[in-house]
Every structure is written in C-alpha cells, then in structure tokens.
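Observations on the model geometry
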Amino acid sequence: MAGHSKWANIQHRKGRQDAKRGKIFTRLIKEITVAAKMGGGDVNMNPRLRLAVDKAKAESMPKDNIDNAIKRGTGQLEGVDYVECRYEGYGIGGAAVMVDCLTDNKTRTVADVRHAFSKYGGNMGTDGCVAFQFSHCGFLVFAPGVDEDALMEAALECGAEDVLTNEDGSIEVITGPYEFSDVKQALEDKGFKAEMGEVTMKPQNETELAGEDAMRMQKLLDALEDLDDVQDVYTSATLLD
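What comes next is a walk through the structure. These figures come from a predicted structure and were not determined experimentally. (Residues numbered from 1 in each chain as written. Predicted model: local features only at pLDDT ≥ 70, side-chain atom pairs only at ≥ 80, totals over all residues. Heavy atoms only, no water.)

**Here's the deal with the packing of aromatic side chains**
Inspection of every chain in the model, using the stated rule, returns zero aromatic pairs. Seen from the ring of Phe139, Lys202 lies directly overhead, with NZ or CZ sitting 5.5 Å from the centre. (Phe/Tyr/Trp six-rings, centres within 6.5 Å; stacked < 30°, edge-to-face > 60°. Lys NZ or Arg CZ within 6 Å of the ring centre and 35° of its normal.)

Shown next as structure tokens:
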C-alpha cells in the first residue's frame, strides 16, 4: 500500500500541468524532433518517436506540426540542433529532483538550472547523484472506486508490469516505458479509462512535505518547469495539503 494522500497529490499535479499548457506544444515539438533525429522518422520503428507523437495527438496538436517536427529531425527541413542534458539535485527536505532538458546552448541551460536550485532552497548535485532513485516507466492512475480485482486482471492481461493500490483507493498501473501506449489503449478497450497517465521517471521512495516546506518545494519545481530549455522535472517529493 502506498501514500494516503496519493490521489489528492496526483490531482494537484494534473491541475498544475493543465495550467502550463501554453508550453506543451513547444516541448512536444522539441521531443518529436530529437526522437526522429536519433531513431528515424518511422513511428513503427522508433518507440520514442511513437510516444512523442501519441502524446502530441492527445494534446490535439495539428498533424502538420507533427510532420514538420519529424522532418526537421530527419533533416528534410532545417531546424535547431537540440542536445539532451539531465541535471540532478536536491530540493527541500532532501527530496530528489531530476531535470531533463533539450537545448541548443548547454552553457545557458546549466546556469539557468543551477540558479533556480539556488534561489529556491535546493542544491544542484553531480551527475548520477539521484538518478538511481527513479525508474523509467509508464503509469496510469485510476480514481478511487474502480473495481480493483477487475482492473488488476485486465491490466496484467494487457501487459502491465505491476498494479499498486493506494490507501485512498486510487490504483496505479505500471508499464514499461514503450509499452505504455499499448497498455493504455488495451485497458480503454476493456472499459478502464485512466484519470491520468504518462511515461515518467517514477521515484522508488517518496519524501512527504507539508506546510511551509511543501510551499517552498512547489516554488522550486515551478521555477525549474518554467525554464525554456526544461522538458520534464521529476521529484521524489509528495506535497501534502
């Protein structure tokens, strides 16, 4: 059994993500471009590209935008040459923080990330200092009240790796990162629609923060997520009301 406030925390995070939708297209276009550059433009042969395209479609990105991003990645159209970089550190209460970026200027990006950590009470660490605390996976979250036994049976039949029931009644289905789309679709075909789902870096252990500490941690996460070069921010922090 995992965190008693898991559902509230997930809803809170989803709400904050929805509020940041203005940046989503920009970040998805970057991801599609880099995925196509690294693995080719065929979504059937490039799992990373397929994930990015599926996410773009879920956000109602126009097909032309997706196609042009793929063409920039494969060199058919001119575009910015992005490189991937990951920065790691610690937030309030020692919570692990991992920041994935796509940038055309690593010097600028590392300075911006370091400044955000320092300004909002965190500490930027060395490569690998917290990455071992996270697992690359897909996860789907189902609201309290879903039939646990039926969902568990369906999820395992569909190729999920694990099913976790939280104390608040919400249920998490864990998948491999590149099996996420197939499992999600298969569960929807069986009548199980997740409230939230994504491919992420899931913390193996969580650091619960409340009150002033939770507010300070949220400011740090917001500052990192607001940086133009940042694609994703992952943390072991669970922020309590």
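**Some words on the nonpolar core**
In this structure, Val99, Met217 and Leu224 are the most contacted members of the largest nonpolar core, which totals 22 residues. For this core, the element with the most residues is helix α8 (residues 211–225), which contributes six residues. Among residues more than four places away in sequence, those in contact with Val99 are Cys85, Arg86, Tyr87, Phe117, Leu224, Val230, Asp232 and Val233. If you look at the next biggest cluster of nonpolar residues, it comprises 16 residues, including Ala155, Ile171, Leu187 and Phe192. (Core = buried A, V, L, I, M, F, W, Y, C linked by side-chain atoms within 4.5 Å. Buried < 20%, exposed > 50% of the residue type's maximum accessible area, 1.4 Å probe, protein only. Helix = DSSP H or I, 4+ residues; strand = E, 2+ residues; numbered from the N terminus. Contact = heavy atoms within 4.5 Å.)

**A few points about the packing of helix α3 (residues 47–58) against helix α7 (residues 180–189)**
Close contact between α3 and α7 brings their axes to 10 Å; oriented N to C, the two are set at 45°. What the angle tells us is that α3 and α7 run oblique. Mapping the contact onto sequence places Arg50, Leu51 and Asp54 in α3 and Phe180, Ser181 and Asp182 in α7. (Axes fitted to C-alpha atoms, helices over the stretch in contact; angles between N-to-C directions. Parallel < 35°, antiparallel > 145°, perpendicular 65-115°, else oblique.)

**Overview of the pattern of salt bridges**
Side chains that differ in sign of charge can pair as their charged atoms come close. Tallying each qualifying case throughout the model produces 16 salt bridges. In this structure, the salt-bridge partner of Lys30 is Asp229, at a minimum N-O distance of 3.9 Å. Residue Lys30 is found in helix α2 (residues 24–39), and its partner Asp229 is found in the loop between α8 and β9 (230–235); the two are separated by 199 residues along the sequence. An identical accessibility class is assigned to Lys30 and Asp229; each is buried. Members of the salt-bridge network, linked through shared partners, are Lys30, Asp104, Arg108 and Asp229. (Salt bridge = Lys/Arg side-chain N within 4 Å of Asp/Glu carboxyl O.)

**A word on the packing of α2 against helix α4 (residues 63–74)**
One can describe the packing of α2 onto α4 by two numbers: an axis separation of 7 Å at closest approach and a directional angle of 40°. Judged on the interaxial angle alone, α4 and α2 are oblique. In this structure, α2 crosses over α4, and the sense of that crossing is right-handed. The residues of α4 that touch α2, namely those facing Ile29, Ile32, Thr33, Ala36 and Lys37, are Asn65, Ile66, Ala69, Ile70, Arg72, Gly73 and Thr74. (Left-handed = near helix turned anticlockwise from the far one by under 90°.)

**As for the environment of Thr103**
Counting through the fold element by element, Thr103 comes out in strand β2 (residues 96–103). The exposure class of Thr103 is buried, given its relative accessible area of 0%. Separated by 108 residues in the primary sequence, Thr103 and Gly211 have C-alpha atoms spaced 35 Å apart. Those residues in contact with Thr103 that sit more than four places away from it in its chain are Asp81, Tyr82, Val83, Cys85, Arg108, Thr109 and Asp229. Within the structure, the side chain of Thr103 is placed 2.9 Å from the backbone nitrogen of Asn105, a separation counted as a polar contact. Within the local environment of Thr103, its side chain forms a polar contact with the side chain of Thr109, the two groups lying 2.7 Å apart. (Polar contact = N/O pair within 3.5 Å; in protein donor to acceptor, adjacent residues only side chain to side chain.)

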